[in-house]
Amino acid sequence: MKIIGKLIYIALGGTFAWAGIAKLIDPSAFLTSILTYEVFEYRLAVAASLFVPYLELCLGFSLATGFLRGGGRWLACGMTIGFLILLIQAAARGLDVDCGCFGSEAKASESGFLWPIGRDLLMLLGLAVAMFFEESARRKGET
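About the cut-offs
Residues numbered from 1 in each chain as written. Predicted model: local features only at pLDDT ≥ 70, side-chain atom pairs only at ≥ 80, totals over all residues. Heavy atoms only, no water. Core = buried A, V, L, I, M, F, W, Y, C linked by side-chain atoms within 4.5 Å. Buried < 20%, exposed > 50% of the residue type's maximum accessible area, 1.4 Å probe, protein only. Helix = DSSP H or I, 4+ residues; strand = E, 2+ residues; numbered from the N terminus. Contact = heavy atoms within 4.5 Å. Salt bridge = Lys/Arg side-chain N within 4 Å of Asp/Glu carboxyl O.

Some words on the nonpolar core
Judged by nonpolar contacts, the single largest core of 19 residues is most densely connected at Tyr9, Leu12, Phe16, Leu63, Ala76 and Leu127. For this core, the secondary-structure elements that each account for two or more residues are helix H1 (2-25), helix H2 (27-36), helix H3 (42-65), helix H4 (69-92) and helix H5 (114-140). By residue number, the principal contributor to this core is H3, which donates five residues. Leave out the neighbours within four places in its chain, and Tyr9 touches Leu63, Ala64, Arg69, Arg73, Leu127, Ala130, Met131 and Glu134.

Here we look at the pattern of salt bridges
Evaluation of the coordinates by the stated rule reveals six salt bridges. For Arg43, the salt bridge goes to Glu41, with nearest N and O atoms at 3.2 Å. Using a relative accessible area of 64% as the deciding quantity, one classes Arg43 as exposed. For Glu41, a relative accessible area of 43% corresponds to the partly exposed category. Arg73 is the salt-bridge partner of Glu134, the closest N and O atoms lying 2.1 Å from each other. One end of the pair, Glu134, is in helix H5; the other, Arg73, is in helix H4, with 61 residues separating them in the sequence.

In short, shape yes, function no, at least from these values alone.
Okay, structure coming up:
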């Protein structure tokens, strides 16, 4: 059963790494995405556009390899919940935002908020399932 948790962590790690790389390729598009949420002051948005991609790369590495996974999984949960809150508040305010999750190329395939919110909920579910299998294996004494 532990293998299921590891596979989920690898998939989630790849997702975070992909998101970080996409943002690094086009940082100005990510900054524009952040600003469309109308929540962050410009300087904070610039700082986030420079910091978040590297954090996502580190999280991807942590989840996929197991290096510092304990903190990485909780940070991944926190970030995903934060992204969900941003998406939900933008939807409630009727804003037309590009989620900014996977770079500017992903916008064409996303219409509305349903898919980005659903994707984040799936990621949270994946993290919960992976943690469950990991804890289950730990209790059984599996390595």
